[in-house]
Amino acid sequence: MSKKINFERLKLGGILPQRQNGDLYSIRLRIVGGQLNSNQLRALADATEKYGSGEIHITSRQGVEISYVPIDYADKMLDELENSGVHQGACGPRVRGIVSCQGNRVCPRGLIDAEYIAGKIDEKYFAKNLPSKFKFAVTGCPASCMKPQENDFGIMGSIEPKWVGENCTFCGLCESTCPTDAIKIEDNTIHIDRDKCNLCGDCISICPTEAWIKANSGYTIYVGGKVGRFPKLAIKLIEMVEEDELFKIIDKTFNFYKENAQPDERFRNTIDRVGFDNYKQSVLTQDHD
Ligand code: SF4
Ligand code: SF4
Ligand code: SF4
């Protein structure tokens with residue numbers, strides 16, 4: 001059987017040689033935030049039965065891989081999947097599949113539409129070439145189910161509460177519920193420690209009299225997280241930015257990374273070598289200082 005390899009596809013990545021000798025490959029697919037519709041699921045089932053082993057592997061980043069595919073069939077399988085809206089994944093030094101929770105479309109705690117933001121990041125940046133692999137995570141609230149602190153660029157939904165004194169009955173529910181101990185009731189007033197508040201909005205949802213209301217909502221950004229052999233938790237860059245600013249910061253982050261990274265250097269290592277303050281200065285506008 002002659003090998004018909006599409007080198008453009010190989011360059012993008014996602015076509016991974018298996019450990020078995022021969023021409024078996026594991027084909028990684030582009031799944032955004034773990035979301036698949038029924039047509040895509042049927043197409044994946046058909047593809048693995050036709051070209052693979054009949055099984056599908058769910059990756060640690062909500063992706064899907066079809067293994068045991070002979071390289072001669074990889075192109076044909078990818079073409080068929082593309083017709084059903086399932087596209088080739090990425091590996092190597094580029095933006096990898098975007099992980100996300102369902103956010104406020106489904107989760108009662110969701111503060112943002114995490115799926116929408118994940119989709120927009122995928123549309124703008126998926127497989128963009130960078131000095132090394134680059135991982136995004138979008139999580140709907142500070143519960144952090146999608147572990148934004150373990151990703152190169154983590155986005156978290158946030159909500160800023162505002163106290164409306166005239167509605168308050170001083171029942172104490174918000175004080176006992178606040179997960180960070182940021183609320184104190186003293187002398188018929190409420191004090192909130194902004195340094196402790198993690199912008200979760202629990203005080204708003206627990207208050208029976210609407211004495212806590214939403215002042216603002218936005219995105220908190222974490223940068224430089226990674227796991228692997230030398231894990232490091234991300235650093236909080238900024239809280240409560242709006243969507244436009246979020247995408248400006250991503251663009252500036254990529255510019256900074258490309259300008260400053262040594263070959264193959266992970267983003268966190270670039271930040272540590274060049275200095276977090278220098279990075280911060282290059283991506284935040286003066287409005288944030
Ligand atoms: S991070 Fe928040 S919104 Fe997302 S799944 Fe977890 S609890 Fe729900
Ligand atoms: S839960 Fe509402 S009513 Fe009760 S103390 Fe807090 S703000 Fe006041
Ligand atoms: S938003 Fe969350 S952390 Fe902040 S004061 Fe309210 S309950 Fe506490």
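Residues numbered from 1 in each chain as written. Chains lettered and ligands numbered in written order. Predicted model: local features only at pLDDT ≥ 70, side-chain atom pairs only at ≥ 80, totals over all residues. Heavy atoms only, no water.

Draft legend 1. View of the pairing of strand 4 (residues 64–70). Across the seven residues of strand 4, six count as buried, placing the element largely inside the fold. Of the pairings in the sheet, the one linking strand 2 (residues 24–30) to strand 4 comprises five bridges and is antiparallel in character. Paired with Leu 24 across the strands is Pro 70, a residue of strand 4. As paired elements, strand 3 (residues 57–58) and strand 4 share two bridges and run antiparallel to each other. By the bridge assignment, His 57 is partnered in strand 4 with Glu 65. Connecting the antiparallel pair strand 3 and strand 4 is a turn made up of five residues, with Gln 62 showing a positive phi of about 60 degrees. (Buried < 20%, exposed > 50% of the residue type's maximum accessible area, 1.4 Å probe, protein only. Helix = DSSP H or I, 4+ residues; strand = E, 2+ residues; numbered from the N terminus. Pairing = 2+ DSSP bridges.)

Draft legend 2. Looking closely at the domain arrangement of the protein. The assigned domain composition of the protein is domain 1 (7–88) and domain 2 (99–158 + 217–288). Taken residue by residue, the interface counts eight residues in domain 1 and 13 residues in domain 2. Together domain 1 and domain 2 conceal approximately 870 Å² of surface at their shared face, both sides included; 54% is due to carbon and sulfur atoms. It is Arg 30, Val 32 and Arg 61 in domain 1 that bury the most area against domain 2; as a group they hold 57% of the surface buried on that side. Our count for the domain 1 to domain 2 interface comes out at one salt bridge. A salt bridge links Arg 30 to Asp 122; its shortest N-O distance comes to 2.9 Å. At the boundary of domain 1 and domain 2, one finds four residue pairs in polar contact (both at pLDDT 80 or more). Along the lines of polarity and charge, the residues of the side of domain 1 that touches domain 2 split into two nonpolar, four polar and two charged. (Domains from an automatic or database assignment. Contact = heavy atoms within 4.5 Å. Buried area = accessible area lost by both parts, 1.4 Å probe. Salt bridge = Lys/Arg side-chain N within 4 Å of Asp/Glu carboxyl O. Polar contact = N/O pair within 3.5 Å; in protein donor to acceptor, adjacent residues only side chain to side chain. Nonpolar A, V, L, I, M, F, W, Y, C, P; charged D, E, K, R; others polar.)

Draft legend 3. View of unusual backbone geometry. Located in the positive-phi region is Ala 127, a residue other than glycine, with phi close to 65 degrees. In this model, Asp 181 sits at a positive phi of 60 degrees, which is unusual for a non-glycine residue. In this fold, Asp 181 is placed in the loop between helix 5 (173–177) and strand 9 (183–186).

Draft legend 4. Expanded view of the nonpolar core. Core analysis: the biggest nonpolar cluster contains 38 residues, and Ile 121, Phe 153, Leu 237, Leu 246 and Tyr 279 have the highest contact counts within it. Where this core is concerned, the elements lending two or more residues are helix 4 (114–125), strand 7 (136–139), strand 8 (153–163), strand 11 (212–223), strand 12 (235–241), helix 7 (243–260), helix 8 (267–274) and helix 9 (276–283). Setting aside residues no more than four positions away along its own chain, Ile 121 makes contact with Ile 98, Phe 126, Phe 136, Val 138, Ile 155, Phe 247 and Ile 250. Grouped together as the second largest cluster of nonpolar side chains are 18 residues, Ile 27, Ile 31, Ala 43 and Val 69 included. (Core = buried A, V, L, I, M, F, W, Y, C linked by side-chain atoms within 4.5 Å.)

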